[in-house]
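Chains, contacts and geometry: an overview
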Amino acid sequence: MASQDNQLLSLFSAAEVEFLAEDELINIVPSVRMDTLHMICGDYGPFRPQIPAQVPLWLGVALKKRGKCRIQPPDWMTVEKLTQVLEDEREAPREFQPLPFHYVEISRLLFDHSQDDISDFYLIRSLVEDVRDVRFHKVEKGLETLSGRTHAVKLKNLSAMEVNLIRPFIVKALESFYKHDSEDLVKQVDSERDSQLAAADRLPRRTLRPR
Amino acid sequence: MARYYDFDDILMEEEPVSVVFRVAADGVGLLDPSSEDNNVEAGAKVDLPAWLAQELFQRQAVLVNLPTFYGQKLRKEIQADPGCVDLRSRCPYFYELGCKLSPITSDPTLGAFLLSTLRGRYKDLLCKSHSAAVAFTPQYMNLLTKEETQMLEAGRNSMKAFKKWRLQGARIERAAVLGRKRRQNT
């Protein structure tokens, strides 16, 4: 599926994740009059000038490219909201703030195609980058706690692109830890501790971030 | 359980392991370079590939000694600083071979030692695989075993792909055919 070397591990390439993100709905303000568009995924419109309408991102971008609409940035894409999110991210080192599942892709598409519709474009772009960096750093910090006997990792509120980014490494690491921590390899030494653990929980889960 | 078609698995089984014969074997003198006739005597110390050592052990013909890179000296080195030990030059299939040998040797601590080694080296791997994608670090790569290299590459490749996606310009590329000028008919 993905056009990368490591086909087994990375299920999606970045472009494919972006493709999925294009189905998110977004508000546009048309500047032309147009009848309802009948698409396989649904009907959109009719479009009247200056009357906001809700369309998928791909349609919005396509219309914007032809100069037929203005894209309204989503609610979370304002300086105040993003500053707040960034602060919260920094203050809570153990959890992620709820952001749209596709915020990385949406922001990139909007930055590319409708710069002029976003007020404070440069500020917002750097804020999104900062948020992403802080979150990624947090993921790395969390992954450091990975060691033997980790059978599942829980990451709440992580976005699609972030998951996709760390997936290959995490899968590999968990695989090798699982292999080396299997019962028959380690049990001879600390069989005592193991049996205690096994009695408590056969497959203990390590929560990377608490709820 | 060996994976039959796994290339790395095949290579790993080629690693020499020193064994001591418990029984005398006739007609296999080529295994022991020091034997004068065509036989291997009981008690002879011979280096055999891992796959053969395992088979002979199951038939109770040999005792398996651990290779030197699982010995006390290296264990101390790894205890001191797991990240800086050059495992590749010792055995590129350090972990896999260890897993294979662990059930057939008399050393019960091998499994735990492998796990603690991996645990110690994992943190370095983690940080290098995602943050140092720009500054390539060839010296560090030379220290890693095959398994660790795969892990590092997995992280690094996905990071590279993401950066490329983030910085690329036009998404839809024009087919080369379309760019060509149409030939004039006149």
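The shown structure was predicted, so the numbers you read here are calculated from the model rather than taken from an experiment.

Secondary structure assignment for chain B yields 8 helices and 3 strands. Secondary structure elements of chain B, listed N to C terminal, follow the sequence α-β-β-α-β-α-α-α-α-α-α. Residue burial in chain B is summarised as follows: out of 186 residues, 42% are buried. Taking as baseline every contact in chain B between residues at least 6 positions apart, the subset at least 24 positions apart corresponds to 60%. By element, 55% of the accessible surface of chain B is carried by carbon and sulfur atoms, the whole surface being about 11100 Å².

Grouped together as the largest cluster of nonpolar side chains are 96 residues, with contacts concentrated most on F21, Y70, F94 and Y122 of chain B. Counting residues domain by domain, this core receives three or more from each of domain 1 (23–72) and domain 2 (74–189) of chain A. Once residues within four sequence positions are removed from consideration, F94 of chain B is found in contact with F69, Y70, L74, L87, F113, L114, T117 and T145 of chain B.

Moving on, we come to the pattern of salt bridges. Pairing between side chains of opposite charge can happen when the charged atoms of each approach one another. In the structure shown here, the tally under the stated rule is 17 salt bridges over all chains. A salt bridge links E129 of chain A to R166 of chain B; the shortest N-O distance between them is 2.5 Å. Placement of the pair is E129 of chain A in helix α5 (residues 121–143) and R166 of chain B in helix α7 (residues 146–167), with the two residues belonging to separate chains. A relative accessible area of 24% places R166 of chain B in the partly exposed class. Note that K100 of chain B is salt-bridged to E13 of chain B, the shortest N-O span being 2.9 Å. Residue K100 of chain B is found in helix α4 (residues 94–101), and its partner E13 of chain B is found in the loop between α1 (7–12) and β1 (16–21); the two are separated by 87 residues along the sequence. Relative accessible area serves as the criterion here: at 14%, K100 of chain B is assigned to the buried category. A relative accessible area of 16% means that E13 of chain B is categorised as buried. Connected via shared salt-bridge partners are E89, R135, K138 and E162 of chain A.

Quick look at the environment of L66 of chain B now. Residue and element names in this part refer to chain B. With respect to the helices and strands, L66 occurs in the loop between β3 (62–64) and α3 (72–80). On a C-alpha basis, the gap between L66 and L143 in space is 21 Å, while along the polypeptide they are 77 residues apart. In this view, L66 contacts R75, L101, T105, D107 and L110; residues no more than four positions away in its chain are not counted.

Further remarks concern the domain arrangement of chain A. Residues and elements named next belong to chain A. Segmentation of chain A into domains returns domain 1 (23–72) and domain 2 (74–189). Each of domain 1 and domain 2 has a C-alpha centre, and the two are 31 Å apart. In this complex, domain 1 contributes 9 residues to the contact, which on the side of domain 2 involves 9 residues. When the two sides are added together, the surface that domain 1 and domain 2 hide from each other amounts to roughly 780 Å², 71% of it contributed by carbon and sulfur. In this structure, the connection of domain 1 to domain 2 is made through 2 salt bridges. Close ionic contact of D117 with K64 constitutes a salt bridge, the shortest N to O distance being 3.1 Å. For the pair domain 1 and domain 2, the interface holds 3 residue pairs in polar contact (both at pLDDT 80 or more). Residue assignment for the side of domain 1 that touches domain 2 shows that the elements contributing at least two residues are α2 (57–65) and β5 (69–71). Here the side of domain 1 that touches domain 2 takes 4 residues from α2, the largest share from any one element. By residue class, the composition of the side of domain 1 that touches domain 2 is 4 nonpolar, 1 polar and 4 charged.

Put simply, G45 of chain A and P46 of chain A share a cis peptide bond, and its omega is 0 degrees. The backbone of Q60 of chain B sits at a positive phi, close to 55 degrees, despite the residue not being glycine. Tracing the backbone shows Q60 of chain B in the loop between α2 (50–58) and β3.

What follows covers a negative patch on the surface. A surface patch of like charges, here negative, comprises D26, E36, D37 and E41 of chain B. Here E41 of chain B shows up in the loop between β1 and β2 (45–49).

Residue and element names in this part refer to chain B. Overall, antiparallel pairing links the 3 strands, which are arranged β2-β1-β3 in an open sheet. Of all strands in the sheet, those bounded by a partner on one side alone are β2 and β3. Each strand of the sheet is rotated relative to its neighbour by a mean of 45 degrees, with strand direction disregarded. With 3 bridges joining them, β1 and β3 adopt antiparallel strand pairing. The partner of F21 across the bridge, within β3, is V62. Running over the sheet, α2 touches β1, β2 and β3 and is turned about 115 degrees from β2.

Remark: a regular strand shows side chains that alternate across the two faces of the sheet. Residue and element names in this part refer to chain B. Across the two faces of β1 the burial differs, with V17, V19 and F21 buried and P16, S18 and V20 not buried at all. Pairing of β1 with β2, which is carried by 5 bridges, proceeds in the antiparallel orientation. Residue pairing for β2: V17 is matched across the bridge by L48.

Thresholds, definitions, all that
- Residues numbered from 1 in each chain as written.
- Chains lettered and ligands numbered in written order.
- Predicted model: local features only at pLDDT ≥ 70, side-chain atom pairs only at ≥ 80, totals over all residues.
- Heavy atoms only, no water.
- Helix = DSSP H or I, 4+ residues; strand = E, 2+ residues; numbered from the N terminus.
- Buried < 20%, exposed > 50% of the residue type's maximum accessible area, 1.4 Å probe, protein only.
- Contact = heavy atoms within 4.5 Å.
- Areas by Shrake-Rupley, 256 points an atom, 1.4 Å probe, with all protein chains shown as cover.
- Core = buried A, V, L, I, M, F, W, Y, C linked by side-chain atoms within 4.5 Å.
- Domains from an automatic or database assignment.
- Salt bridge = Lys/Arg side-chain N within 4 Å of Asp/Glu carboxyl O.
- Buried area = accessible area lost by both parts, 1.4 Å probe.
- Polar contact = N/O pair within 3.5 Å; in protein donor to acceptor, adjacent residues only side chain to side chain.
- Nonpolar A, V, L, I, M, F, W, Y, C, P; charged D, E, K, R; others polar.
- Patch = residues over 30% accessible without salt bridge, like charges linked within 9 Å, V, L, I, M, F, W, Y side chains within 5 Å.
- Lys, Arg positive; Asp, Glu negative; His and termini not counted.
- Charge placed at Lys NZ, Arg CZ, Asp CG, Glu CD.
- Pairing = 2+ DSSP bridges.
- Axes fitted to C-alpha atoms, helices over the stretch in contact; angles between N-to-C directions.

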